[in-house]
Amino acid sequence: MVLTRILDGLEQSPAQGADAQNMARLGFLEWVLSSPAGITAQDAKDALLQPGIQDAESAAAQEFVTFLEQATVKVSARRSRRNRARQLH
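This one's a predicted model, so the numbers in the text were calculated from it and none came from an experiment.

*Asks:* Looking at this model, I keep getting lost on the nonpolar core. Mind explaining?
*Replies:* Within soluble globular proteins, side chains that are nonpolar tend to cluster in buried spots. The biggest cluster of nonpolar side chains holds 21 residues, and the ones touching the most others in it are Leu3, Leu10, Phe28, Trp31, Ile53, Phe64 and Leu68. Once residues lying within four places of it in the same chain are set aside, the contact partners of Phe64 are Leu3, Ile6, Leu7, Leu10, Ala24, Gly27 and Phe28.

*Asks:* Just checking my understanding: could you explain a nonpolar patch on the surface for this structure?
*Replies:* A grouping of Leu26, Leu29 and Leu33 is seen on the molecular surface, where their side chains present a nonpolar patch of about 340 Å² in accessible area. Here Leu33 lies in helix α2 (residues 17-33). Residue classification places Leu33 among the exposed positions, given a relative accessible area of 70%.

*Asks:* Mind showing me how you'd approach the side chain of Ser13 here?
*Replies:* On the secondary structure map, Ser13 appears in the loop between α1 (2-11) and α2. The exposure class assigned to Ser13 is buried, which follows from its relative accessible area of 12%. Only 3.1 Å separates the side chain of Ser13 from the backbone nitrogen of Ala15, close enough to count as a polar contact. In this structure, Ser13 is in contact with Met23, Ser58 and Ala60, ignoring residues within four places of it in sequence.

*Asks:* Quick question: what am I supposed to make of the pattern of salt bridges here?
*Replies:* Where charged atoms from two side chains of opposite charge come close, those side chains can pair. Taken as a whole and judged by the stated rule, the model has 1 salt bridge. Arg5 is the salt-bridge partner of Glu30, the closest N and O atoms lying 2.6 Å from each other. Here Glu30, found in helix α2, pairs with Arg5, found in helix α1; they are 25 residues apart in sequence, far enough to count as distant. Residue class for Arg5 comes out partly exposed when judged on its relative accessible area of 48%.

What counts as what
Residues numbered from 1 in each chain as written. Predicted model: local features only at pLDDT ≥ 70, side-chain atom pairs only at ≥ 80, totals over all residues. Heavy atoms only, no water. Core = buried A, V, L, I, M, F, W, Y, C linked by side-chain atoms within 4.5 Å. Buried < 20%, exposed > 50% of the residue type's maximum accessible area, 1.4 Å probe, protein only. Contact = heavy atoms within 4.5 Å. Patch = residues over 30% accessible without salt bridge, like charges linked within 9 Å, V, L, I, M, F, W, Y side chains within 5 Å. Areas by Shrake-Rupley, 256 points an atom, 1.4 Å probe, with all protein chains shown as cover. Salt bridge = Lys/Arg side-chain N within 4 Å of Asp/Glu carboxyl O. Helix = DSSP H or I, 4+ residues; strand = E, 2+ residues; numbered from the N terminus. Polar contact = N/O pair within 3.5 Å; in protein donor to acceptor, adjacent residues only side chain to side chain.

In structure tokens form, the structure reads like this:
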């Protein structure tokens, strides 16, 4: 499974700080792009339930878990500013 391989690689990383975050970001993008059907918020939730995900130890692996958690948050679109400008003028 791609998720397990990515997490294992991140666990081996000694990176800290911004380097760990960059490695995690690359791992997250690899995970997203590895699925031909695309990744949904539910896929991220399911990934968080996989063994070892919540037990991440290295900084890079912990950052990866943070990206997974952020991917579960539903974002709502706001109205465009152009419509607001029309209403004001």
